[in-house]
Amino acid sequence: MNDNIKKLPAYHYVRSAYIIFLRFKRIPIIPLYWVWCFSQGIKMQRGWHLSGRPQFRKKGRNAKIIIGKSFRAYSNSRNNSIGVFQPVIITAWGENAQIIIGDNVGISGCSITASEKIIIGNRVLIGAGALIIDTDAHPLLPRDRENMILPSMAPIIIDDDVFIGARAIILKGVHIGQGAVIAAGAVVVKNVNPFTIVGGNPARKIKENIMNH
């Protein structure tokens, strides 16, 4: 070793490491969940909280999935006390199918499928295993299934502040009013008035005007 080369003091290396750290700190780190959403054609917004990997599926040239701020989707049991047996699956299944979800919506391991349109308002909570689908998926008559006839479909509208319990099913053409509560396991085939609790199969009114109780 050349004796003319002086050894640098220890603090020099510490300072160099600190400068490198500051430079790398300014480089934006891309979250894995952002990459996951981008790979499925969804732009992850600030305030989203994803546990596990939700599935976003768009089948159709003009199919759209629009989700607002502070979206929470739990696709595993880490943040759900009763457990989650499937990921969150949000599917726009049709040439012009649309799913529009508002702000501050929380979803656990449920499936939302639109062949026409599903609109979900703000501050809606959807429990694990729930199913929301705006179509019969298959025609009812055997000959129609054989002839590949399109099934019946009708839009679903879920207003603000609705709570949908675990394993509930919301079927085509239903409008659920603001603040309504859908009991766990209910099968909703008719409109639900605002601030009303419904349950059973088919779902029936259990209590209304819950804001006054």
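Residues numbered from 1 in each chain as written. Predicted model: local features only at pLDDT ≥ 70, side-chain atom pairs only at ≥ 80, totals over all residues. Heavy atoms only, no water.

> Please explain the pattern of salt bridges as it appears in this structure.
As enumerated under the stated definition, the model contains 4 salt bridges in all. Between aspartate 136 and lysine 172 there is a salt bridge, with its nearest N and O atoms 3.0 Å apart. With aspartate 136 in the loop between β11 (131–133) and α3 (142–146) and lysine 172 in the loop between β14 (169–170) and β15 (175–176), this residue pair connects regions lying 36 residues apart in the sequence. The partly exposed category is assigned to aspartate 136, whose relative accessible area is 31%. One network of salt bridges, in which partners are shared, links Arg123, Asp160 and Asp161. (Salt bridge = Lys/Arg side-chain N within 4 Å of Asp/Glu carboxyl O. Helix = DSSP H or I, 4+ residues; strand = E, 2+ residues; numbered from the N terminus. Buried < 20%, exposed > 50% of the residue type's maximum accessible area, 1.4 Å probe, protein only.)

> What am I meant to see in the packing of aromatic side chains here?
The description of an aromatic ring pair rests on the distance of the ring centres and on the angle between the ring planes. Scanning the entire structure with this criterion turns up 2 aromatic pairs. Ring centres 5.2 Å apart and planes at 5° place the aromatic pair tryptophan 34 and phenylalanine 38 in the stacked group. Of this pair, tryptophan 34 and phenylalanine 38 both sit in helix α2 (residues 32–39), 4 residues apart, roughly one helical turn. By relative accessible area, phenylalanine 38 is classed as exposed at 56%. Pairing tryptophan 48 with phenylalanine 71 gives two aromatic rings, centres 5.1 Å apart and planes at 65°, and the pair type is edge-to-face. Of this pair, tryptophan 48 sits in the loop between α2 and β1 (49–51) while phenylalanine 71 sits in the loop between β3 (64–67) and β4 (72–74), and the two are 23 residues apart along the sequence. A single burial state applies to tryptophan 48 and to phenylalanine 71, both of which are buried. (Phe/Tyr/Trp six-rings, centres within 6.5 Å; stacked < 30°, edge-to-face > 60°.)

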